Amino acid sequence: MSRLSRSNARTVAVVAALGALALLVMLVVWRRQDLLGVVLALFCVLLTMVAGVSVSAARQGDDPEPVDRPFAAGPPELMPYGIDADTLEALDSRDALRAVRDRRRGLGGLSDR
């Protein structure tokens, strides 16, 4: 998929906004309440969305996207997978974390039964 340059995005935004405004004025003046009115209203919404996306593209410009940095984590044996922040806050020691991790793996007292 190609990216819009900043000037092209501005042009698309202006044309789409003017088209949406023209359709809105047409809808208000005609006051149509049939299939044509619905189609015009949907087309007005579509042009408004295109204008909004084009404005967003123009604001971003041609800046390169930031490179994702790898997540810096500790050793896997110290990472408490599957534990939410409230549980971590309640636990004080590494022994308690190890017990929770072992219980999740099924190595605790539950695997003997």
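This one's a predicted model, so the numbers in the text were calculated from it and none came from an experiment. (Residues numbered from 1 in each chain as written. Predicted model: local features only at pLDDT ≥ 70, side-chain atom pairs only at ≥ 80, totals over all residues. Heavy atoms only, no water.)

This part takes up the pattern of salt bridges. Within this structure, the stated rule accounts for one salt bridge. Two residues, Arg32 and Asp34, come together in a salt bridge whose shortest N-O distance is 2.5 Å. (Salt bridge = Lys/Arg side-chain N within 4 Å of Asp/Glu carboxyl O.)

The phi torsion at Arg31 lies on the positive side, around 55°, for a residue other than glycine. Among the structural elements, Arg31 can be located in the loop between α1 (6–30) and α2 (35–60). On the basis of relative accessible area, Arg31 is assigned to the exposed category, the value being 67%. (Helix = DSSP H or I, 4+ residues; strand = E, 2+ residues; numbered from the N terminus. Buried < 20%, exposed > 50% of the residue type's maximum accessible area, 1.4 Å probe, protein only.)

Bringing the nonpolar core into the picture now. Residues Ala16, Ala20, Leu23, Leu27, Leu40, Cys44, Leu47 and Ala51 constitute the largest nonpolar core, which totals eight residues. Among the elements of the structure, α1 and α2 are those that each provide at least two residues to this core. Not counting chain neighbours up to four residues away, the residues in contact with Leu47 comprise Ala16, Gly19, Ala20 and Leu23. (Core = buried A, V, L, I, M, F, W, Y, C linked by side-chain atoms within 4.5 Å. Contact = heavy atoms within 4.5 Å.)

Before going further, it helps to spend a moment on α2. If you check α2, its first and last C-alpha atoms are 38 Å apart, about what 26 residues at 1.5 Å a residue would give, namely 38 Å. Regarding α2, the residues found buried are Gly37, Leu40, Cys44, Leu47, Ala51, Ser54 and Ala58. (Expected span 1.5 Å × (residues − 1).)

On to the confidence of the model for the chain. Across the chain, the average pLDDT comes to 77, with 59% of residues at or above 70. The least confident element of the chain is helix α3 (residues 85–90), whose mean pLDDT is 67; the most confident is α2, at 92. (pLDDT = per-residue confidence, 0-100.)

This part takes up a nonpolar patch on the surface. A cluster of nonpolar side chains, contributed by Val14, Leu18, Leu21, Leu24, Val25, Val28, Val29, Trp30 and Leu36, occupies part of the molecular surface with about 860 Å² of accessible area. Per-element accounting of the nonpolar patch gives the leading share, eight residues, to α1. By the secondary structure assignment, Leu21 is in helix α1. The class for Leu21 is partly exposed, based on a relative accessible area of 48%. (Patch = residues over 30% accessible without salt bridge, like charges linked within 9 Å, V, L, I, M, F, W, Y side chains within 5 Å. Areas by Shrake-Rupley, 256 points an atom, 1.4 Å probe, with all protein chains shown as cover.)

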